[in-house]
Amino acid sequence: MGSNRDWQRSVVSRLKSSRQLPRVLFVLALAPLMWGAGLLASDLVQGTRYLGSNPIKELEHFTGKWTLRFLILSLTVTPLMALTHQGWLIRYRRTWGLFAFFYACVHLTIYFVLDVELNWADFGADILKRKYIAIGMTALSLMIPLVLTSTKASIRRMGNIRWTALHRLVFATVILANIHYWMSVKRDIREPLLFALIFGVLLGYRLRAWWRERAKRPGAGSAALAKAPTA
Amino acid sequence: MIIRRTPPHPIASSEITPESVYLNRRQFLEEAGLLSVVALAMPSDLGRSRVAQPQSAYPTTMGSDLRSELTPWDDVTTYNNFYEFGTDKSDPAANARTFRPRPWSVRVEGLVKKPADYDLEDFIKPYKLEERIYRHRCVEAWSMVVPWLGFPMADLIARVEPSPSAKYVEFITLNDAKRMPGQRIPVLQWPYVEGLRLDEARNPLAFFAVGVYGKMLPNQNGAPLRHVVPWKYGFKGCKSIVKIRFTDREPRTAWNLAAPDEYGFYANVNPNVDHPRWSQAKERRIGEFRRRATLMFNGYADQVASLYSGMDLRKSY
């Protein structure tokens, strides 16, 4: 038992101080993109059919789902830190958030360049007339201020409280991104439902934390509303 | 009423096909096989032009002008919406592999002078099979060009003689979750039901398909019998048909039941009436890089527009 603990501790401390870990994670986070690009290249050059009959649609779904997966990773950091008491994990929260934004941008680019074919009129009509496109665009737009203030310098400049308040926007992004995915599906909602459940757990954790925080402050009542959970 | 059940034994007595029919089928297969030569290279931006196309031995009675645009066999048989075998486009090809479309019987019933249970072979026998190259436009805004093999729907209607009170014809897919695993999940109300107004069904374009590319219909494409109405969105075509019912009431069709505000009974291809969640103005032809404009009635306005004169196509979508 004791040696098991020691072993755990040594692994954690190694990971914590590892200079390789950030690089490994960076490469891993790029792997889906490389994978998708590789399949596309093979289909184009070798005539394989990895991406099937409608590769553009396939790539849109592929990058959209990876955006959601990186959002899941970024929202997992805070609860994981609390559960494991490993504060250093926070270093990677920004990494996952930035990659979520990155994949969302690739997603939008594929849609805009390959699907809409750079046709601004079609693009405008899509945003105005199709709710799920407008919702997706909003979800992505709300990530921009978070990306712009993702540096340590920004946190210092804004102060912890204001920075945290701003970065709660990610919850809006997550909700809108899920609606966007749900609405784009024709009939079989099993996969969007699975994503929604995972996000539900991650958002539920924060709601619970906020609720407990509120309960802890006797008589604080509505004043506690102002103090919401950390992002 | 006859209740048919799939026998538990792998080979039912009804499956022992009479020799004459057997020989016919052999001929059908051989003819198809003999002429399965490398066909026209597809002008495709996606590098699939070297895929060999099976070619048909049957006369092409419509759509010869579309021959140069044929969607490759690989796409036609692997990119399918056939929810009875799963909701992913690639599911039907994977999950229908062990489906056995024989023996098969088709029941004609309802307001009709000659209701009957047909063995598939008897159902098809009176007709000379012909090839028709049709545009196929899915409501999801992708499209194909498919060489169907079959016979005109009007010929069957004439044969079974609907009574004067019949106004609609309803098509019903096999309902058997053991053979169609997708039916275990209630994504749609099973069995799949589609329907046409009788005058639509009598239009010369309306077609029963038993094959594609000169071969028997692959399971994932709706074996052994499906119908094709090329001026309508793809979901109007009912696959693996076991029942054809003539009625005086508008059929309650599967997608219309599932989402009435999104999928109407008519479902005519119309670039001016958008799906509530996406535009129908353009489509992606499978295998092509650029999207193309969707044509009114999928390019068949000359043949079918008169069916809808005086109707508001925005309301009757």
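Residues numbered from 1 in each chain as written. Chains lettered and ligands numbered in written order. Predicted model: local features only at pLDDT ≥ 70, side-chain atom pairs only at ≥ 80, totals over all residues. Heavy atoms only, no water.

### A short note on the overall build of chain A
Spelled out, the test is: By the criteria applied, helices consist of DSSP H or I runs no shorter than four residues and strands consist of E runs no shorter than two, each listed in order from the N terminus. Summary of the burial criterion: residues with accessible area below 20% of their type's maximum are buried, those above 50% are exposed, and those between are partly exposed, where the area comes from a 1.4 Å probe applied to protein chains only. Per-residue accessibility takes into account occlusion by the displayed protein chains alone, with areas from the Shrake-Rupley method and a 1.4 Å probe.
A count of helices and strands for chain A gives eleven helices and zero strands. Mapped from its N terminus to its C terminus, chain A presents α and β elements in the order α-α-α-α-α-α-α-α-α-α-α. Counting only residues that meet the buried cut, chain A has 38% of its 231 residues in that class. Looking at chain A as shown, the accessible area adds up to about 13,500 Å², and 68% of this sits on carbon and sulfur atoms.

### A word on the environment of A:Gly87
Residue and element names in this part refer to chain A. Note on placement: Gly-87 falls in the loop between helix 3 (55-84) and helix 4 (91-115). Take Gly-87: its relative accessible area is 46%, and that puts it in the partly exposed class. Each C-alpha atom of the pair Gly-87 and Val-77 lies 9.5 Å from the other, and the pair is ten residues apart in sequence.

### Looking at the confidence of the model for chain B
In plain terms, the rule: Per-residue confidence from the predictor is reported as pLDDT, a score between 0 and 100. For this analysis, residues touch if any pair of their heavy atoms sits within 4.5 Å.
Summing up the model confidence of chain B, the mean pLDDT is 88 and the portion of residues at 70 or higher is 83%. Low pLDDT, under 50, characterises residues 28-50 of chain B; the predicted model gives this stretch 56 contacts beyond four residues in sequence or across chains.

### Here we look at the interface of chain B and chain A
To keep things clear, this is the line we draw: Accessible area that two parts lose when put together, with a 1.4 Å probe and added across both, is what the buried area reports. Each reported salt bridge corresponds to a side-chain nitrogen of Lys or Arg within 4 Å of a carboxyl oxygen of Asp or Glu. Under the rule applied, a polar contact is a pair of N or O atoms within 3.5 Å (in protein, one hydrogen donor and one hydrogen acceptor; residues adjacent in sequence only if both atoms are side-chain atoms). When residues are grouped by polarity, Ala, Val, Leu, Ile, Met, Phe, Trp, Tyr, Cys and Pro land in nonpolar, Asp, Glu, Lys and Arg in charged, and all others, Gly among them, in polar.
Taken residue by residue, the interface counts 34 residues in chain B and 28 residues in chain A. Of the roughly 2,500 Å² buried between chain B and chain A, counting both surfaces, carbon and sulfur atoms make up 44%. Where chain B meets chain A, there are eight salt bridges. B:Lys282 is the salt-bridge partner of A:Asp122, the closest N and O atoms lying 2.8 Å from each other. Taken together, chain B and chain A are joined by 20 residue pairs in polar contact (both at pLDDT 80 or more). Those elements giving two or more residues to the side of chain B that touches chain A turn out to be helix 2 (73-78), helix 7 (254-258) and strand 12 (282-285) of chain B. It is helix 2 of chain B that contributes the most residues to the side of chain B that touches chain A, three residues altogether. The class makeup of the residues in the side of chain B that touches chain A is 15 nonpolar, seven polar and twelve charged.

### Focus: the sheet that holds strand 2 (residues 105-110) of chain B
Residues and elements named next belong to chain B. The condition that has to hold: Any two strands with at least two DSSP-identified bridges between them are counted as paired. Only the contacting stretch of a helix is used when fitting its axis, a line to C-alpha atoms as for every element, and angles between N-to-C directions run 0 to 180 degrees.
Read from one edge to the other, the open sheet built from five strands follows the order 3-2-11-6-7, with strand pairing classed as mixed. The sheet is open, and its two edges are formed by strand 3 (116-119) and strand 7 (193-197), each paired on a single side. Neighbouring strand axes in the sheet, compared pairwise and without regard to direction, differ in orientation by 15 degrees on average. Sheet topology places strand 6 (residues 168-173) next to strand 7; five bridges connect them, and they run antiparallel. When the sheet's bridge partners are listed, Val-169 is paired in strand 7 with Leu-196. Packed onto the sheet, helix 5 (residues 153-160) meets strand 2, strand 3, strand 6, strand 7 and strand 11 (241-247) and runs at close to 65 degrees relative to strand 11.

### Some points on the pattern of salt bridges
By the definition in use, this model includes 31 salt bridges over all chains. For A:Lys129, the salt bridge identified is with B:Asp274, shortest N-O distance 3.0 Å. In this pair, A:Lys129 sits in helix 5 (residues 120-129) while B:Asp274 sits in the loop between helix 7 and strand 12, so the two residues belong to two different chains. Assessed through its relative accessible area of 51%, A:Lys129 is described here as exposed. Exposure remark for B:Asp274: the relative accessible area of 24% places this residue in the partly exposed category. B:Arg137 is the salt-bridge partner of B:Glu283, the closest N and O atoms lying 3.0 Å from each other. Of this pair, B:Glu283 sits in strand 12 while B:Arg137 sits in strand 4 (residues 130-137), and the two are 146 residues apart along the sequence. One exposure class covers both B:Glu283 and B:Arg137, and it is buried.

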